[in-house]
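# Overview (structure and organization)
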Amino acid sequence: MDDFTETPRFVLLHARNPIGPTNAQTFLDSKITTIYGFSSKPKYDAFLRHSPILVTPCPLVRGFLQRHVDLDHTELRLVALDATSPSQPILQAATFQLIVEAFDLKQATVEVSHELILDATSGSYRIQSLAISASPKAIP
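Residues numbered from 1 in each chain as written. Predicted model: local features only at pLDDT ≥ 70, side-chain atom pairs only at ≥ 80, totals over all residues. Heavy atoms only, no water.

### Regarding the packing of aromatic side chains
Put simply, the test is: Any Phe, Tyr or Trp ring, taking Trp's six-membered ring, that has another such ring centre within 6.5 Å forms a pair; planes under 30 degrees apart are called stacked, those over 60 apart edge-to-face, and the others tilted. Type-normalised accessible area, obtained with a 1.4 Å probe on protein chains alone, sets the label of each residue: buried when under 20%, exposed when over 50%, and partly exposed for intermediate values.
Per the stated rule, a full pass over the model turns up six aromatic pairs. Their ring planes at 55° and their centres at 5.4 Å tell us that phenylalanine 38 and phenylalanine 47 sit as a pair that is tilted. This pair shows no difference in class: phenylalanine 38 is buried, exactly as phenylalanine 47 is. Aromatic rings pair up to connect Phe10, Tyr36, Phe38, Tyr44 and Phe47 into one cluster.

So, in structure tokens, the structure goes:
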């Protein structure tokens with residue numbers, strides 16, 4: 001997989017906490033956290049038109065991501081990238097670590113490392129890992 005998308009710059013907060021899609025239970029005992037991240041105001045505005053809860057946009061800060069990366073290396077922490085609605089069938093996602101690296105390197109894009117696939121019955125997302133390449137590509 002060699003897919004890149006714009007680096008997220010915003011999250012949406014509800015009750016002062018970032019919101020994200022619900023992850024399906026896995027057969028492994030690993031914990032997975034996913035939050036929504038958006039590259040621009042028009043992207044999160046599109047999501048807000050479909051969101052049933054009151055949320056507030058907030059800048060996505062490198063320190064927030066790094067603190068969570070440093071907390072527990074066994075937990076998978078993802079940012080769902082530029083979702084258009086809370087029930088989007090497939091979401092692209094990147095790890096917190098990949099986004100931290102994009103911030104550090106001042107990259108406009110980040111590599112998509114995972115896909116989240118909606119189970120319409122349960123309303124939760126199954127996480128699928130994608131292969132990661134070594135070099136970033138620009139968005140056309």
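On we go from here.
### Examining unusual backbone geometry
Under the convention used in this document: Each helix is a run of H or I in the DSSP string that is no shorter than four residues. Each strand is a run of E no shorter than two, and both are numbered from the N terminus.
The phi dihedral of alanine 15 falls on the positive side, at around 55°, and the residue is not glycine. Relative to the helices and strands, alanine 15 is located in the loop between strand E2 (10-14) and strand E3 (17-18). Assessed through its relative accessible area of 60%, alanine 15 is described here as exposed. Of note in this structure, lysine 106 is not a glycine but carries a positive phi near 55°. Following the sequence through the fold, lysine 106 ends up in the loop between helix H3 (96-104) and strand E8 (109-111).

### A few points about the pairing of strand E10 (residues 124-129)
Filter applied, for reference: One bridge is not enough; two strands pair if DSSP finds at least two bridges between them.
Where strand E9 (residues 114-119) lies against E10, six bridges are found, and the strand directions are antiparallel. Bridge pairing in E10 links glutamate 115 to glutamine 128. Here E9 folds back onto E10, and the loop between the two strands holds four residues, one of which, glycine 123, carries a positive phi near 75°.

### Some remarks on the confidence of the model for the protein
Short version of the rule: Confidence of the predictor in every single residue is expressed as pLDDT, which spans 0 to 100. Residue contacts are defined here by distance: any two heavy atoms, one from each residue, within 4.5 Å place the two residues in contact.
Of the residues in the protein, 89% reach a pLDDT of 70 or more, and the chain-wide mean stands at 88. Long-range and interchain partners of residues 134-140, a stretch whose pLDDT sits below 50, account for 12 contacts in this model, where long-range means more than four residues apart.

### Focus: the nonpolar core
Convention followed: Nonpolar cores were defined as sets of buried Ala, Val, Leu, Ile, Met, Phe, Trp, Tyr and Cys residues, with membership established by side-chain atoms within 4.5 Å.
Leu60, Leu65, Val79, Leu81, Phe96, Ile99 and Val110 are the most contacted members of the largest nonpolar core, which totals 17 residues. Only helix H2 (62-71), strand E6 (76-81) and H3 provide two or more residues apiece to this core. It is H3 that contributes the most residues to this core, six residues altogether. Excluding residues within four positions of it along the chain, leucine 65 makes contact with Leu60, Val79, Phe96, Ile99, Val100 and Phe103. Judged by nonpolar contacts, the second largest core, of 16 residues, contains Ile19, Phe47, Ala80 and Leu91.

### Points about the pattern of salt bridges
As a reminder of what qualifies: Counted as salt bridges are all cases of a side-chain nitrogen of Lys or Arg within 4 Å of a carboxyl oxygen of Asp or Glu.
This structure, assessed with the given rule, holds five salt bridges. With a closest N to O distance of 2.7 Å, aspartate 45 and lysine 41 form a salt bridge. Residue aspartate 45 and its partner lysine 41 are located together in helix H1 (residues 41-48), separated by four residues, close to a single helical turn. For lysine 41, a relative accessible area of 46% gives the class partly exposed.

### Here's the deal with the environment of serine 39
Tracing the chain through its elements places serine 39 in the loop between strand E4 (32-38) and H1. Spatially, the C-alpha atom of serine 39 lies 5.9 Å from that of glutamate 6, the residues being 33 residues apart in sequence. If near-sequence neighbours (up to four positions away) are discounted, serine 39 is found in contact with Glu6, Thr7, Pro8, Arg9, Phe10 and Asp82.

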